[in-house]
Amino acid sequence: LSTLMPHGIGDDEQGYDLDLFCIPKHYADDLEKVYIPHGLIMDRTERLAREIMKGMGGHHIVALCVLKGGYKFFADLLDYIKALNRNSDKSIPMTVDFIRLKSYCNDQSTGDIKVIGGDDLSTLTGKDIIDTGKTMKTLLSLLKQYNPKMVKVARMTQSVEKYIVGFEVPDKFVVGYALDYNEYFRDLNHICVISETGKQKYKA
Amino acid sequence: MACGLKIKDEESGYNKNLFCIPKHYEEDVERVFIPHGLILDRTERLARDIMHDMGSHHVVALCVLKGGYKFFADLLDHIKVLNQNGDKSVPITVDFVRIKSYCRDSPTKKISIIGELSTLNGKNVLVVEDIIETGRTMKALLAKLRDYKPKTVKVVSLLVKRTHQSSGYRPDYVGFEIPDKFVVGYALDYNEYFRDLNHICILKEKAKEKYKI
C-alpha cells in the first residue's frame, strides 16, 4: 500500500518554514512548521480519488463524512471523484451523509467516542461506503452491523495499513485542513505542526 | 437586505452539452441553470462582503447540512484566502446543524442538531445555507439558535427563491435570486440524488419519476 511521506529526513527535520507559504495572520505565532502544504494535499487527494474509484464496485456509493475534522478532505475528495465521473466513460452515483465522532480534548484522545447524527444507517445496507475521518475502530464496528457491501476508509493522515492512506505521518499533533486543536486551526489551509505558544494560547 | 445576482423568470439556463455532466445524470438533466464556476465567482465576492462586515471578531460559521456543505466549504475557502493574504485576519471556527425534513415538499421541518451549540454563546455566528424558499425553515432555525445566546447572527444563503409562498424572510447575504423552479446540484438534492453534480441544474420531468421514493 503506497503512502506519501512528508518532506524531510528524520522526524525532527520534517516540514517547511512558515515564511515560504501564506498563513492566516492570526496564527502567525501559533505554528512551528508547515508539514503538508495545501497544494500537495490536493494533488495526493486527486490520486486517492482515482484509486478509490478503481477499487469500488460499479454500485452506488455512499460517502460518509466524519465531522468535523473530515469535512475539508471529504469536500475535496468528492470534488475529484465528481471530476472523474464527469470525464470518463463510466460514472457512479454518489450520495452523502454526515456523522460526528467526539473524542479529543486538547491533543489527547479521551478514548470515549460518541457517534451522533447521520441518516438511519440501515440505508447503508448493500452499498459501498467511503469513510473519511480520524477515529476509526468504533465507527467500523458500528457500520458492520448494517451489512454494507464494502467499507473503504480514506484517511488523510494515519499509519494503519488496511486503509487507503493519503500521508503517513510520525506521532506529532498536526492541525490545519479542518484538523483542529480545541476547535482552532480548522481555518488553516496547510497541515502544520502547532507551536508551544499555540498550545498554551488555545488550551481548553 | 441583499438581493444577490438576480436570475429572471424568463431565463432558462444553458444547454447541458456545453458543459461536463456526470455520465450517470446525462439523461436526467434538462438544463444547466447556474454553472459551477459562476457559483464560485459569486461566492468569492460574498466572502469579501462578509469579512468586510464581520471580520473584526471571531466568527463561528454554522453549516446547515446536508445541502449547505458545498457552499460552506467553498465560502470558507475564499474567506481563508482573504485571511492568508490580507492585512488583517479573523479566526473562524466551524459547526454543523442538520435539518431533517420528512419529505421534500412538506411544509413541516424537524430541526435535528448535531453537536453542542453551547459554543455559540457570545459569538458572532454566520449561518451558511444552500437555499431559502418559504423562509420557514430558517426562521425556525434562528429561533432555536437564540436559545444558545449568540452575540450576533447573520445568514448567508447561496440561493433565494422568488415564490408566492415566501414568508417574507430575507437573509443578510444572497448569492443568487432565482425563479420558482426546482433545482438540484452543488449539494442540493432530489431524494438524496444529484448532490454529486457540480452545476446547479433543472431536472427533466421523467427524472423526477425515476428517482421518486
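Please read these numbers as outputs of a predicted model, since none were measured by experiment. (Residues numbered from 1 in each chain as written. Chains lettered and ligands numbered in written order. Predicted model: local features only at pLDDT ≥ 70, side-chain atom pairs only at ≥ 80, totals over all residues. Heavy atoms only, no water.)

**Here we look at the overall build of chain A**
Scanning chain A for helices and strands turns up four helices and nine strands. In chain A, the succession of helices and strands from N to C terminus is β-α-β-α-β-β-β-α-β-β-β-β-α. Buried residues in chain A amount to 54% of all 204 residues. By sequence separation, contacts in chain A at least 24 residues apart represent 59% of the contacts at least 6 residues apart. With an accessible surface of roughly 9,100 Å², chain A has 48% of that area assigned to carbon and sulfur atoms. (Helix = DSSP H or I, 4+ residues; strand = E, 2+ residues; numbered from the N terminus. Buried < 20%, exposed > 50% of the residue type's maximum accessible area, 1.4 Å probe, protein only. Contact = heavy atoms within 4.5 Å. Areas by Shrake-Rupley, 256 points an atom, 1.4 Å probe, with all protein chains shown as cover.)

**Brief notes about the pairing of strand β7 (residues 124-132) of chain B**
Residues and elements named next belong to chain B. Taking burial as the measure, the nine residues of β7 include nine buried ones, the bulk of the element. The pairing of strand β4 (residues 59-65) with β7 spans five bridges and is classified as parallel. Along β7, the bridge assignment pairs Val 60 with Val 125. Across eight bridges, β7 lies against strand β8 (residues 152-161) in parallel orientation. Paired with Asn 124 across the bridge in β8 is Thr 152. (Pairing = 2+ DSSP bridges.)

**Some details on the interface of chain B and chain A**
On the chain A side, the residues contacting the 40 residues of chain B number 42 residues. The tally of links from chain B across to chain A stands at five salt bridges. In this structure, B:Lys70 engages A:Asp79 in a salt bridge whose closest nitrogen and oxygen atoms are separated by 2.9 Å. Joining chain B to chain A, the criterion identifies 16 residue pairs in polar contact (both at pLDDT 80 or more). The element that contributes the greatest number of residues to the side of chain B that touches chain A is helix α2 (residues 69-85) of chain B, accounting for 10 residues. Taken together, the residues of the side of chain B that touches chain A sort by class into 16 nonpolar, 10 polar and 14 charged. (Salt bridge = Lys/Arg side-chain N within 4 Å of Asp/Glu carboxyl O. Polar contact = N/O pair within 3.5 Å; in protein donor to acceptor, adjacent residues only side chain to side chain. Nonpolar A, V, L, I, M, F, W, Y, C, P; charged D, E, K, R; others polar.)

**Remarks on the environment of B:Asn191**
All names here are of chain B. Mapped onto the secondary structure, Asn 191 falls in the loop between β10 (183-184) and β11 (200-203). Separated by 21 residues in sequence, Asn 191 and Lys 212 place their C-alpha atoms 7.0 Å apart. When residues no more than four places from it in sequence are discounted, the contact partners of Asn 191 are Tyr 211, Lys 212 and Ile 213. Here the side chain of Asn 191 touches Tyr 211 through a polar contact of 3.1 Å, landing on its backbone oxygen.

**Observations regarding the pairing of strand β9 (residues 173-178) of chain B**
The side chains of a regular strand alternate between the sheet's two faces. Residues and elements named next belong to chain B. For β9, the tally of buried residues reaches six of six residues, placing the bulk of the element in the interior. Bridging between strand β1 (residues 5-6) and β9 involves two bridges; their strand directions are parallel. By the bridge assignment for β9, Leu 5 is matched with Phe 176.

**Some remarks on α2(B)**
Structural remark: α-helix, 3.6 residues per turn; residues separated by three or four positions point the same way. In a regular helix each residue adds 1.5 Å, so 17 residues correspond to 24 Å; α2(B) covers 24 Å between its end C-alpha atoms and thus fits that length. Here α2(B) lies mainly inside the structure; 13 of its 17 residues are buried. (Expected span 1.5 Å × (residues − 1).)

**A look at the pattern of salt bridges**
Two side chains that carry opposite charge are able to pair once their charged atoms sit near each other. In total, this model carries 28 salt bridges over all chains according to the counting rule given. For B:Asp77, the salt bridge identified is with B:Lys80, shortest N-O distance 3.3 Å. In this pair, B:Asp77 and B:Lys80 both sit in helix α2, three residues apart, roughly one turn of the helix. Classification of B:Asp77 as partly exposed rests on a relative accessible area of 23%. Connected through shared salt-bridge partners, A:Asp97, B:Lys66, B:Arg98, B:Asp189, B:Glu192 and B:Arg195 make up one network.

**A few points about the packing of aromatic side chains**
Summed over all chains, the structure comprises 18 aromatic pairs over all chains. When the ring of B:Tyr25 is compared with that of B:Tyr211, the centres are 6.4 Å apart and the planes differ by 70°; the resulting orientation is edge-to-face. Residue B:Tyr25 is located in the loop between β2 (14-15) and β3 (29-34), and its partner B:Tyr211 is located in the segment after α4 (205-210); the two are separated by 186 residues in the primary sequence. Just as B:Tyr25 is buried, B:Tyr211 falls in that class too. Site record: aromatic cluster; members linked through ring pairs are A:Tyr27, A:Tyr184, A:Phe185 and A:Tyr202. (Phe/Tyr/Trp six-rings, centres within 6.5 Å; stacked < 30°, edge-to-face > 60°.)

**Details of the confidence of the model for chain B**
Summing up the model confidence of chain B, the mean pLDDT is 89 and the portion of residues at 70 or higher is 92%. Predicted complex, confidence summary: ipTM 0.74, pTM 0.81. (pLDDT = per-residue confidence, 0-100.)

**Focus on empty space enclosed by the protein**
Under the criterion given, the structure shown has one cavity of 30 Å³ or more. Taken as a whole, the largest cavity encloses approximately 30 Å³ of empty space. Lining the largest cavity are A:Leu67, A:Tyr71, A:Phe74, A:Phe98, B:Tyr69, B:Phe72 and B:Phe96. Residue assignment for the lining of the largest cavity shows that the elements contributing at least two residues are α2 (71-87) of chain A together with α2 of chain B. Taken together, the residues that form the lining of the largest cavity break down as seven nonpolar, no polar and no charged. (1 Å grid on protein atoms, 1.4 Å probe; cavity = no way out; pocket = protein on both sides within 12 Å on 5 of 7 lines; lining within 4 Å. Points joined across faces, edges and corners; volume = space filled by probe spheres on them.)

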